[in-house]
Amino acid sequence: IVLEKSNLSLYCLDHTNQRVIFIETSPDVDLLQAPFYFIAQYENAKKLIAIPYDTFHSLAKKVEVSQERIILFYSTGRCGSTLISKVMNLNPSVVSFSEPDIFSQLIMIRTAGQSNDAEVASLLYDSTMIMAANAQKQGFQYFAFKFRSYVLSVSDLLYQTIPQAKILFMYRNALTWAYSFSRAFGSLDENMEE
């Protein structure tokens, strides 16, 4: 079911119980049009489906997606990456997942030492392939994954497992980035000059 139904999407991990969680949305909901994929999933979830890691790994082995058609999209954040992701989604052959939460969760699992690199790498690979396979069944030919800035900390594992993927990295001038970050997430220093 999770590989066949277009209104099922990979959402997160229940790592304690070694399960992967998929959500089901109404068929008319287009998660890709939201600025952030994980928020749209949360807001539109109707049902949850949990499958064991072993089943998830078995499903991923059945997937046939060309690594050359995968784009791993890293950024510093606050640099226009969400806009570029939306522009990518204007092309009918490209799907761009804007900040799927499962990748962020795998960073936390790795950083907290709750798993080893081999398991995290396997879950990263399988998550990428399952999401791409679902999009491929919907007619997309290229699969972009626009990550939050800190997903860069598992780029080594993504490169090891998907070496033929295309890499896109966006950044911004450090001073204007700091100003934008401060404006969005903190207080502005009135003495700060651009």
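Summarised in this report is the structure supplied together with it. (Residues numbered from 1 in each chain as written. Predicted model: local features only at pLDDT ≥ 70, side-chain atom pairs only at ≥ 80, totals over all residues. Heavy atoms only, no water.)

### A closer look at unusual backbone geometry
Across residues other than glycine, the phi torsion is negative in most instances, and most of the peptide bonds are trans.
Link 1 in the chain: Positioned with a positive phi, Gln18 is a non-glycine residue whose angle comes to about 55°.
Link 2 in the chain: The backbone of Glu99 sits at a positive phi, close to 65°, despite the residue not being glycine.
Link 3 in the chain: Residue position: Glu99 is located in the loop between β5 (94-98) and α4 (101-111). (Helix = DSSP H or I, 4+ residues; strand = E, 2+ residues; numbered from the N terminus.)

### Some remarks on the pattern of salt bridges
Link 1 in the chain: With the rule as written, the count across this model stands at seven salt bridges.
Link 2 in the chain: A salt bridge links Glu99 to Lys146; the shortest N-O distance between them is 2.7 Å. Note that Glu99 is positioned in the loop between β5 and α4 and Lys146 in strand β6 (residues 142-146), a separation of 47 residues in sequence.
Link 3 in the chain: With a closest N to O distance of 2.8 Å, Asp101 and Arg148 form a salt bridge. Of this pair, Asp101 sits in helix α4 while Arg148 sits in the loop between β6 and α6 (155-161), and the two are 47 residues apart along the sequence.
Link 4 in the chain: For Arg148, a relative accessible area of 14% corresponds to the buried category. (Salt bridge = Lys/Arg side-chain N within 4 Å of Asp/Glu carboxyl O. Buried < 20%, exposed > 50% of the residue type's maximum accessible area, 1.4 Å probe, protein only.)

### Regarding the packing of α4 against helix α5 (residues 117-137)
Link 1 in the chain: Where α4 contacts α5, the axes come no closer than 10 Å and their chain directions differ by 180°. With respect to α5, the axis of α4 lies roughly antiparallel. Two secondary-structure elements touch here, α4 through Ile102, Phe103, Leu106, Ile109 and Arg110 and α5 through Asp117, Val120, Leu123, Leu124, Ser127, Thr128 and Met131.
Link 2 in the chain: Considering only residue class, the contact of α4 with α5 consists of eight nonpolar, two polar and two charged. (Axes fitted to C-alpha atoms, helices over the stretch in contact; angles between N-to-C directions. Parallel < 35°, antiparallel > 145°, perpendicular 65-115°, else oblique. Contact = heavy atoms within 4.5 Å. Nonpolar A, V, L, I, M, F, W, Y, C, P; charged D, E, K, R; others polar.)

### Observations concerning the side chain of Ser115
Link 1 in the chain: For Ser115, the position within the fold is in the loop between α4 and α5.
Link 2 in the chain: With a relative accessible area of 16%, Ser115 lands in the buried category.
Link 3 in the chain: In terms of polar contacts, Ser115 uses its side chain to reach the side chain of Glu119, at 2.3 Å.
Link 4 in the chain: Setting aside chain neighbours within four positions, we find Ser115 in contact with His15, Ile109 and Val120. (Polar contact = N/O pair within 3.5 Å; in protein donor to acceptor, adjacent residues only side chain to side chain.)

### Concerning the pairing of strand β4 (residues 70-75)
Link 1 in the chain: The buried count for β4 comes to six of six residues, which makes it a mostly enclosed element.
Link 2 in the chain: Sheet topology note: the β4/β6 ladder contains four bridges and is parallel. Counterpart to Ile71 in the pairing with β6 is Ala144.
Link 3 in the chain: Direction of pairing for β4 relative to strand β7 (residues 166-170): parallel, over a ladder of five bridges. Along β7, the bridge assignment pairs Leu72 with Ile167. (Pairing = 2+ DSSP bridges.)

### Some points on the layout of surface pockets
Link 1 in the chain: Quantified by volume, the largest pocket comes out at close to 390 Å³.
Link 2 in the chain: Looking at the largest pocket, it is lined by 20 residues, and the ones nearest its centre are Phe36, Gly77, Arg78, Glu99 and Phe185.
Link 3 in the chain: Going through the elements one at a time, α3 (81-88) and α7 (174-185) are the ones with two or more residues in the lining of the largest pocket.
Link 4 in the chain: Size it by volume and the second largest pocket reaches roughly 310 Å³.
Link 5 in the chain: Forming the walls of the second largest pocket are 23 residues, and the residues nearest its centre are Ser6, Leu31, Tyr37, Asn134 and Gln138.
Link 6 in the chain: Counting residues per element, the lining of the second largest pocket draws most heavily on α5, which supplies four residues.
Link 7 in the chain: Class assignment of the residues belonging to the lining of the second largest pocket gives a composition of 15 nonpolar, seven polar and one charged. (1 Å grid on protein atoms, 1.4 Å probe; cavity = no way out; pocket = protein on both sides within 12 Å on 5 of 7 lines; lining within 4 Å. Points joined across faces, edges and corners; volume = space filled by probe spheres on them.)

### A few points about the packing of aromatic side chains
Link 1 in the chain: Applying the stated criterion to the full structure yields seven aromatic pairs.
Link 2 in the chain: Ring centres of Tyr37 and Phe97 lie 5.3 Å apart, and the angle between their planes is 80°; on these two criteria the pair is classed as edge-to-face. With Tyr37 in helix α1 (residues 37-44) and Phe97 in strand β5, this pair connects stretches of sequence that are 60 residues apart. Grouping residues by exposure puts Tyr37 and Phe97 together as buried.
Link 3 in the chain: Here Phe103 and Phe145 contribute two aromatic rings whose centre-to-centre distance is 5.8 Å and whose plane-to-plane angle is 65°, an arrangement assigned as edge-to-face. Residue Phe103 is located in helix α4, and its partner Phe145 is located in strand β6; the two are separated by 42 residues in the primary sequence.
Link 4 in the chain: Since its relative accessible area comes to 0%, Phe103 is described here as buried.
Link 5 in the chain: By the ring-pair criterion, three or more aromatic residues cluster together here, those being Tyr37, Tyr74, Phe97, Phe103, Phe145 and Phe147.
Link 6 in the chain: Over the aromatic face of Tyr142 sits the side chain of Arg69, whose NZ or CZ is 4.8 Å from the ring centroid.
Link 7 in the chain: Here Arg148 stacks its cationic end above the ring of Phe38, 4.0 Å away from the centre of that ring. (Phe/Tyr/Trp six-rings, centres within 6.5 Å; stacked < 30°, edge-to-face > 60°. Lys NZ or Arg CZ within 6 Å of the ring centre and 35° of its normal.)

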